[in-house]
Structures are given as structure tokens and as C-alpha cells.
Protein chains: 2
Amino acid sequence: MATDAAMASGEVHAAILVIGDEILSGRTKDRNIGHICEVLTAMGIDVREVRVVPDLEDEIVGALNALRGRYAYVFTTGGIGPTHDDITADSVARAFGVPIDVDERAVAMMRQRYADVELTPARLRMARIPAGAELIDNTVSFAPGFMLDNVIVMAGVPKIMQAMLDAVAPRLRGGTPMLSQTRQLGCKEGDIAEALAAVQEEHGETLIGSYPGYSEERGYFTSIVVRARQPDRLDAAVADVERLIARHAERSS
Amino acid sequence: MATDAAMASGEVHAAILVIGDEILSGRTKDRNIGHICEVLTAMGIDVREVRVVPDLEDEIVGALNALRGRYAYVFTTGGIGPTHDDITADSVARAFGVPIDVDERAVAMMRQRYADVELTPARLRMARIPAGAELIDNTVSFAPGFMLDNVIVMAGVPKIMQAMLDAVAPRLRGGTPMLSQTRQLGCKEGDIAEALAAVQEEHGETLIGSYPGYSEERGYFTSIVVRARQPDRLDAAVADVERLIARHAERSS
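Residues numbered from 1 in each chain as written. Chains lettered and ligands numbered in written order. Predicted model: local features only at pLDDT ≥ 70, side-chain atom pairs only at ≥ 80, totals over all residues. Heavy atoms only, no water.

As a further point, take the interface of chain B and chain A. Facing the 56 residues of chain B at the interface are 56 residues of chain A. Summed over both partners, the interface of chain B with chain A buries about 4,500 Å², with 52% contributed by carbon and sulfur atoms. Run the count over chain B and chain A and you get 8 salt bridges. A salt bridge links Arg70 of chain B to Glu59 of chain A; the nearest nitrogen and oxygen atoms lie 2.6 Å apart. Applying the counting criterion to the chain B and chain A interface returns 22 residue pairs in polar contact (both at pLDDT 80 or more). Top element by residues in the side of chain B that touches chain A is helix α9 (residues 189-202) of chain B. It accounts for 8 residues. Among the residues making up the side of chain B that touches chain A, the classes are represented as 23 nonpolar, 15 polar and 18 charged. (Contact = heavy atoms within 4.5 Å. Buried area = accessible area lost by both parts, 1.4 Å probe. Salt bridge = Lys/Arg side-chain N within 4 Å of Asp/Glu carboxyl O. Polar contact = N/O pair within 3.5 Å; in protein donor to acceptor, adjacent residues only side chain to side chain. Helix = DSSP H or I, 4+ residues; strand = E, 2+ residues; numbered from the N terminus. Nonpolar A, V, L, I, M, F, W, Y, C, P; charged D, E, K, R; others polar.)

As assigned here, chain A comprises domain 1 (4-171) and domain 2 (179-252). For domain 1 of chain A versus domain 2 of chain A, the distance between C-alpha centres works out to 37 Å. (Domains from an automatic or database assignment.)

On to the packing of aromatic side chains, then. Under the defined criterion, the tally for this structure stands at 4 aromatic pairs over all chains. Sitting above the plane of the Tyr220 of chain A ring, Lys188 of chain A keeps its charged end 4.5 Å from the centroid. For Arg123 of chain B, the ring lying beneath its charged end belongs to Phe142 of chain B, and the centroid distance is 5.9 Å. (Phe/Tyr/Trp six-rings, centres within 6.5 Å; stacked < 30°, edge-to-face > 60°. Lys NZ or Arg CZ within 6 Å of the ring centre and 35° of its normal.)

All names here are of chain A. Taking every second residue as pointing to the same face, both faces of strand β7 (residues 145-148) are buried, with Gly145 and Met147 on one and Phe146 and Leu148 on the other. Relative to β7, strand β6 (residues 134-136) runs antiparallel, the two being bridged by 3 bridges. What sits directly across from Ile136, in β7, is Gly145. Two elements, β7 and strand β8 (residues 151-154), share 3 bridges in a ladder whose sense is antiparallel. Residue pairing in the sheet places Phe146 in a bridge with Val153 of β8. In textbook terms, the turn of a hairpin is the stretch between consecutive antiparallel strands, and for β7 and β8 this stretch comprises 2 residues, one of which, Asp149, has a positive phi near 55°. (Buried < 20%, exposed > 50% of the residue type's maximum accessible area, 1.4 Å probe, protein only. Pairing = 2+ DSSP bridges.)

Encoded structure:
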């Protein structure tokens, strides 16, 4: 299995599943994907796939089952509020084939945080947690997230999601962090593409990305991002990128 | 097939495939998904799924083949530049099982736009277009996008992507646009969740979404978004939402 091979090499792979009609309609612009990717990358967990699906149980269950078998972790955002369109917890229970009911630990957590708020049936809906899940503390608002096996279920509101990600992070197994170095040079990508391809060829296990940029001040520029888990491999590839940049500067002057 | 049923009801479904390691590492924050979703929604095309995959041919081909059979259109962003990590065009050709080569129409387009820029082998790489594809004009920079069958291939740089989306839009078949009305009220979602669920129950074919909000000035508030393709259905559901809001205001005063 891909996952086993990845783990043996110090890699831990993850996926993100964003749940919500409001993202797909363009009404709400997602701000969670970028944040989760940054935090996980720093922990040595590589996000390998993201999916956004609507508030439809079949779609959520299908995506969950496709992703949770393939990656070490799946992080979901959205759909854990008190209203009829919040169906993430029930979808996770169905994907795992486990029962779901009001969880007394979640109720206790909610009572502790908001002693004065009435626990209406709608609010108790937020305490519905699939059997076997561990709760994730919500230090910002009302209802907890949860982790069931390798699936981490978080809120969609960015501040709440960020708090939940911080709360669950210590329970996750990180990998060897990916190291990264960026070099820039003042030309179009096409001017150095062949030389850069040769550097990538030479350093097969190092990831070399090239990204075009433009600013009024600088005109066209190119960012070369070199990534590797082993410092010596990173250094060797960066040295070759720097030689490429020096050669290009000489030729252009 | 789901697509046929959807089309018969005036619905046109689409997916977005974002291609790029830089998004998954968190280094670059995607700004294309929200824009594409907004533009397509206005055209009556519903985005039903988004995926983000790394710069790996197997991943791109797998996602393309999963999505292009399922949706009326698939919009890709990223990976059409001149460097070795730009493998989208080749992946599309492989997904469709068609040959790919330097396309004379693309070369002509590039020469016309930048008569003074040398067409190096790397730049000619940007003119590699799968057989049978129609070009999409790039009014911002160098190389064209393309449309092959129901797959629309665009750049990753937001300004270029936006220009390509505008260029290809007249060729797309839009559906009956989804109409939308939003009403807000100054309470937590949990306070009106049951009443709102009853409204949704009553208006089965209207989509009613509920989104929590918080601001320093207003405190907690809730946005209720009602969506339907038929104006009369929309009006009827909005009227019931307004009655719910009036009842809630009465009770709270």
C-alpha cells in the first residue's frame, strides 16, 4: 500500500475534505485549506489531496471513504453546527458504519462553557458524536470537534477551526518535516526552464518547483522552490540552482 | 446518469481541479476556486466538487478521469507553464488517450503576442496542445489555455486564469441560474435551528443554508441563505423565513 511505503520513508500523507454549499457557490471564500496545509507541512505531514463537496450525505460519505483509506489522516471542515444542513457527524458515522448519539462528554463540555445557554434539541444536535470518537476541545465557541480513527472533524468558521487544529495537533504523528529553500531571479520562467530541468534531472529525489511572478517594480521574476527531507540533498540541489542563477546573470549582463 | 437527470432539470454541474504542489504545501494560497465558483454560479453552472492534487501525472490523470465522466465541465488551473513541473497538458492528453505535440496555432498566437521573445524549446513546450483541443486566448501573458471535450485547461496565476475564464465563458452552456436571497437575524444558529428545519421540510426543493456569524458590533448573528431556480419557489420559502424571523423577534422582545 502506498501509505506503508510512504511511512517507511518518513512521510505522512494527509487529505483535507471541505464540506459546504457556501464554498461551492462562491458565496464564502475558503480560508481553511491554506492554513491547514501550512500547519501540517510544518509538522512533517504532507497534504496530498483536497476535496470540496456539497452538503449532501452521499457525497460526504463517498469522499470520506475514498480518502480515509488512502491517507494517514483526513481533516474535515464544516457542517458541525446545530442546523438541518449540518450533516457531517452523521455522515462520518455512516462512513465508518458506527452508531451516533448525543455524547455525554460533549454535553458536559458544552454545559461547562455556556452554563447559561439553554440546551435546546438543536444545540444537543451538536453533541451528537459517532461511537468511538475522541472529542476535540473548542476554546472559541460552543460545540467540540472529534477524531474518529484517522478522521479529524473540525468546524468551518476559520477561528474555531484553527483552535481545534491546535488542540488536536499534539495527538498527531508527524513525519520528517519537508525542508524548503527559495531562490529568485529576475527573468521569465522560460529563460531558465531547460537549465532548471537539467538540475531536477540531476537531483531526482529533490522536489524543484518553479513559479512565475510579476510586479510593477521588478517586472517578471521567477521563484525556484527546492524541497527535500534530507538537509544534504537540499543543500546540494540549492547549490546547483545557485550556479544556474549565476550563469544566467553572467549571460544576461 | 446523474448528469442527464441534472440537465433535464436545467442544472449544469461542473468540477474544478487545482493542480500544484505549492497549494498543498501552503506556500501559495489558492485564489482561483472562489472566483471560478462565483463566475460559474452566475452562469447557472453549479460547481459540485473541487479537488486539489500535486504535480504528479498519475494523480492528475486519475482525478481528471474521475471528474470528466461525472460532470458537464471540468475546469483545471495550474501546470501549463514552460518548466519541468508543468505537466498538465501531457496529463490531459494521457487522460483522453490522444497524442500531444507542438500546436502551430499556439505557436502563431505566441509569436503574435511576443514578437521579440525567443521561442526556446522551453517556451515551445507551452505550445504543446493535445490533439483535438480548441485554444483559449491568453490576453495577459504568453501561452494559451485550451478546451478538450468538456475539460477546460487554464493557468494558475489568478489574473491569467481570470482572463482565460472570461475568454472561454461564451463557449459554455449555462443552466438556469440559481436564484438566492439572504436574510439575517441577531441570534445564534441554535436559537432558530428547529424552526428553520421545519421551513426546510416544508420547502423540500429549495436549498436553505444557515451560517453563523459574529462581529464586535452586532455580537452573534445568523445568515439564512435561500436558493432555488424557480422565482415562485424562492419567494414562498423566503416568506416563511421572514415569518420565522418575525416570530423570533416577537418572542425575544
